[in-house]
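If you want the building blocks of each chain, they are given just below.
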Amino acid sequence: LAPLEGLKLSGAIWYQGETDAGDPGPYEMLLTALTRDWRTRFGAALPFLVVQLPNFGQLTTGPVESGWAAIRDAQHRVAAAHDATGLVVSIDAGDRSNLHPPDKRVIGRRAADVARLLVYGQPGIPDGLSPAAAYRQGDDVVVDFSAAPETLMVVSAARPVAFELCGDAPGSCVYADTRLVGNRVFLRAPDMTHATRVRHCWADAPVCNLYGTSGLPVSSFEIQVAAAAGRQ
């Protein structure tokens, strides 16, 4: 990038992460350092769009550890934590058998929507649809999307299908029974009354059916269950 330093750029789009999925732990730090470096070179307010990894790979029949999901989660955290940084959600835009999905139109439209917000100040959703909190309420764990900019809906089923309740240990996750009430998802599973984490769409190529009314999907995320007593 050194020969380009000093050019005035309207923004940047970063579409990468596949090769880091085998070791996703450092990705949040590396992506943060990259955005910081580019803003040093091209201006402190450089709009930076991160295209999230799409769905790619084998379908699963149970909870699994997923480097692709961990990269998606890191990409979301970076976008949510830093000004002028946006997330282009693509969890439903991939091809399970093709590392480079041939239909880029959905990703292009969503990138344009985020760019209109970051570059031109138009209304939009900068970081996808993500929960504000997870907490216990009676026998349930509640995942609260109440701050989301639009109403959630379930497609092609009666309930969200991609939520897991987990303990602290790897391999402790189980699929949860769910119900959507407004912008809150209520979860429960046998023998998981002490769950400490919630995961959603946690696989390389998950089946995700929770969307906003605009058609934007809720992508992969992991969130800690608050230790305090749940809200009413």
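Whatever comes next refers back to the structure up there.
Some remarks on the packing of aromatic side chains
Here's step 1: What the rule picks out here adds up to 5 aromatic pairs.
Here's step 2: The structure contains a cluster of three or more aromatic residues connected by ring pairs, namely W14, W38 and F48.
Here's step 3: Its guanidinium or amino end placed over the ring of F186, R179 lies 4.3 Å from that ring's centre, counting from NZ or CZ.

Focus: the environment of E28
Here's step 1: Position of E28 among the secondary structure elements: in helix α1 (residues 27-42).
Here's step 2: The class for E28 is partly exposed, based on a relative accessible area of 28%.
Here's step 3: When neighbours within four sequence positions are excluded, E28 is seen to be in contact with A74, R77 and V78.

Here we look at the state of the cysteines
Think of a disulfide as a covalent bridge from one cysteine sulfur atom to another cysteine sulfur atom.
Here's step 1: A complete count under the given rule lists 2 disulfides for this structure.
Here's step 2: Across a sulfur-sulfur distance of 2.0 Å, C166 and C173 are joined as a disulfide pair. Taking the torsion about the sulfur-sulfur bond, which here is approximately 110 degrees, the covalent link between C166 and C173 counts as right-handed.
Here's step 3: Among the residues examined, C166 registers a relative accessible area of 0% and is labelled buried.
Here's step 4: Note on cysteine connectivity: C201 is disulfide-linked to C208, with sulfurs 2.1 Å apart. Assigned by exposure class, C201 and C208 land together as buried.
Here's step 5: By sequence-ordered numbering of the bonded cysteines, the protein chain has its disulfides arranged as 1-2, 3-4.

With respect to the sheet that holds strand β11 (residues 197-200)
Here's step 1: Strand order in the open sheet formed by 4 strands is β8-β7-β11-β13, and the pairing between neighbours is antiparallel. Strands with a single pairing partner mark the edges of an open sheet, and in this sheet they are β8 (174-175) and β13 (221-224).
Here's step 2: As defined by bridge partners, strand β7 (residues 163-166) adjoins β8 across 2 bridges and the pair is classed as antiparallel. Across the sheet, E164 pairs through a bridge with Y175, a residue of β8.

Looking at the sheet that holds strand β9 (residues 177-181)
Here's step 1: The strand order across the open sheet formed by 4 strands is β4-β5-β10-β9, and the pairing between neighbours is antiparallel. What marks the edges here is a single partner per strand, and that holds for β4 (133-137) and β9. Looking at each pair of strands side by side, their axes are set apart by 25 degrees on average, direction ignored.
Here's step 2: By the bridge criterion, 4 bridges tie strand β5 (residues 140-144) to strand β10 (residues 184-188) in an arrangement that is antiparallel. Each bridged residue has a counterpart across the sheet, and for V141 the counterpart in β10 is L187.

Focus: helix α2 (residues 67-81)
Here's step 1: Taking 1.5 Å of rise per residue, 15 residues should cover 21 Å, and α2 covers 21 Å from first to last C-alpha, within 8% of that figure.
Here's step 2: Contact partners of the buried residues in α2: α1, β2 (48-51), β3 (85-88) and β13.
Here's step 3: Between a side-chain oxygen at the N-terminus of α2 and the backbone nitrogen of W68 the separation is 3.4 Å; the capping residue is S66.

A look at the pattern of salt bridges
Here's step 1: Within this structure, the stated rule accounts for 13 salt bridges.
Here's step 2: Between R105 and D103 there is a salt bridge; the shortest N-O distance is 3.0 Å.
Here's step 3: What makes R105 exposed here is its relative accessible area of 60%.
Here's step 4: Of the residues examined, D103 reaches a relative accessible area of 33% and is grouped as partly exposed.
Here's step 5: In this structure, R184 and D144 form a salt bridge, with 3.5 Å as the shortest nitrogen-oxygen distance.

The rules behind the values
- Residues numbered from 1 in each chain as written.
- Predicted model: local features only at pLDDT ≥ 70, side-chain atom pairs only at ≥ 80, totals over all residues.
- Heavy atoms only, no water.
- Phe/Tyr/Trp six-rings, centres within 6.5 Å; stacked < 30°, edge-to-face > 60°.
- Lys NZ or Arg CZ within 6 Å of the ring centre and 35° of its normal.
- Helix = DSSP H or I, 4+ residues; strand = E, 2+ residues; numbered from the N terminus.
- Buried < 20%, exposed > 50% of the residue type's maximum accessible area, 1.4 Å probe, protein only.
- Contact = heavy atoms within 4.5 Å.
- Disulfide = S-S within 2.5 Å.
- Pairing = 2+ DSSP bridges.
- Axes fitted to C-alpha atoms, helices over the stretch in contact; angles between N-to-C directions.
- Expected span 1.5 Å × (residues − 1).
- Polar contact = N/O pair within 3.5 Å; in protein donor to acceptor, adjacent residues only side chain to side chain.
- Salt bridge = Lys/Arg side-chain N within 4 Å of Asp/Glu carboxyl O.

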